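Working through the structure, step by step
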Amino acid sequence: MGSREKAATIVGCGQSEFTRWGGIMDRSQFQITAQAISAALNDAGLTAQDVDGFASFSNDANEGPLMQVALGVPEMRWSSMVWGGGGGGSIAALSQACAAVESGQAQVVVVYRGLCQGQSRRFGRFGQGRTHGNFVHPFGLFAPPQMLAMVVRRFMHLYPITEDHLAEIALNARTNANRNSNAVMHGRTMTKEDYLASRWIAEPLRLFDCCLETDGACAVIVTTRERARDLPSKPVNVVAVAHGSGPGWGSGPLGSNNMPDEDYASTNNRRIAKTLFAKSGLKPSDIDVAQIYDHFSGMVLMALEDYGFCGPGESGAFVAEGHIRPDGILPLNTSGGQLSEAYVHGMNLLIEGVRQVRGESTTQIDDAELCLVTGGLGVSPTSGVILGRN
């Protein structure tokens, strides 16, 4: 079988409902994750009998061996989890699933994430840090908004980035979410005045610069192009995928805040961007639509620069000119993203990427053939993928 036939493809995606944190109490976190996986298998035209691998990230509590038993998977040949990095591991887990099927170690791998923060813990609250948190907590950096605010502030100091540019990221996400009935913020419009009136969380980040805290689960199914030909679903090719970290990042702003100065005001994605475009033979202008991890609005602006969609310091003008709107040159976070759809550590962005390439989005971009999806920004490891039409 040729290498093209062995190449990884996504053949199914599924999700639970999305609610505000604490909104799902009638089922366990494990149950809604299993339901999302079942929905993804149904979308792919597969059953649990076909699955032989699981991949997740960031200390996911929904353990693969237990999921195997719950779903009735006969044999598990692959089980992996990406270390640390929060949502930076979302696309990294996809990368591991692709490695499994392309190497022949598994045939059908589920990539998943499930959160019920009212039942377990809120990821944005102080107290769940790792050991490196001991280096930042004494200085008042208790939670991710405070930790990442320092990086955004440096970025705004170096370049002509203003609160108006941060607002563009938040407003675009909310407008797109208003078209998406699955979005937590579907029925809640937002104006520029609403944005500016929202309270400070950690300057320069206001309430609407920070991602939602939600309950929900997402899953995608990965197999080879050869296997995908026999399935009824619309396959989406993994054109290029990568994960990793630049030198000296350690746990980045979530722990040490000791990144190299030349990389400090960045997403830690510059090298990954070069890898993706080199692997794919593409350039930034070839990308039709993007789902960029929007845990904080300012990090999205940095990512636009790190991925080469505009030059250093030009992201503010790029968004102010409307380029990220649905009729722009790079429509962004078309489901509402994590600022307004849901925060499932990036897995909902991956599902939206699949839907865009399939032509099934609630904010569908005409002739969208190539979609960039990134994992968490400003963390280590981080990750990214280019999805393409089959």
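Residues numbered from 1 in each chain as written. Predicted model: local features only at pLDDT ≥ 70, side-chain atom pairs only at ≥ 80, totals over all residues. Heavy atoms only, no water.

**So, the overall build of the chain**
When you go through the chain residue by residue, the secondary structure sums to 14 helices and twelve strands. By the compact-globule yardstick of 21 Å for 390 residues, the chain fits well, its C-alpha radius of gyration being 19 Å. Its C-alpha atoms give the chain principal-axis dimensions of roughly 55 × 45 × 40 Å. Counting over 390 residues, the chain shows a buried share of 61%. The contacts in the chain between residues at least 6 apart in sequence include a share of 77% that link residues at least 24 apart. For the chain, the exposed area adds up to about 14,800 Å²; of that, 49% sits on carbon and sulfur atoms. In the chain, the 31 positive side-chain charges and the 38 negative ones have mean positions that sit 3 Å from each other. (Helix = DSSP H or I, 4+ residues; strand = E, 2+ residues; numbered from the N terminus. Rg over C-alpha atoms; globule rule 2.2 N^0.38 Å. Buried < 20%, exposed > 50% of the residue type's maximum accessible area, 1.4 Å probe, protein only. Contact = heavy atoms within 4.5 Å. Areas by Shrake-Rupley, 256 points an atom, 1.4 Å probe, with all protein chains shown as cover. Lys, Arg positive; Asp, Glu negative; His and termini not counted. Charge placed at Lys NZ, Arg CZ, Asp CG, Glu CD.)

**Section: the environment of Leu332**
Following the sequence through the fold, Leu332 ends up in the loop between helix 12 (315-320) and helix 13 (337-341). For the pair Leu332 and Asp215, spaced 117 residues apart in the sequence, the C-alpha separation amounts to 23 Å. Discounting residues that sit within four places of it in the chain, Leu332 has contacts with Ile169, Asn172, Asn176, Ala290, Ile292, Val300 and Ile324.

**Quick notes on the packing of helix 6 (residues 163-177) against helix 11 (residues 297-306)**
Where helix 6 meets helix 11, the closest approach of the two axes is 8 Å, and the angle between their N-to-C directions is 95 degrees. Relative to helix 11, helix 6 is oriented roughly perpendicular. Packed against helix 6, whose contacting residues are His165, Leu166 and Ile169, the element helix 11 presents Ser297, Gly298, Val300 and Leu301 at the interface. Tallied by class, residues from the contact of helix 6 with helix 11 come to four nonpolar, three polar and no charged. (Axes fitted to C-alpha atoms, helices over the stretch in contact; angles between N-to-C directions. Parallel < 35°, antiparallel > 145°, perpendicular 65-115°, else oblique. Nonpolar A, V, L, I, M, F, W, Y, C, P; charged D, E, K, R; others polar.)

**Considering unusual backbone geometry**
The peptide bond linking Glu203 to Pro204 adopts the cis configuration, its omega dihedral lying at 15 degrees. Considering the arrangement of structural elements, one finds Pro204 in the loop between strand 6 (200-202) and strand 7 (205-206). Although it is not a glycine, Ser58 sits at a positive phi angle of roughly 50 degrees. Relative to the elements of secondary structure, Ser58 occurs in the loop between strand 3 (53-57) and helix 3 (64-71).

Everything listed here is a matter of geometry and, on its own, says nothing about what the molecule does.
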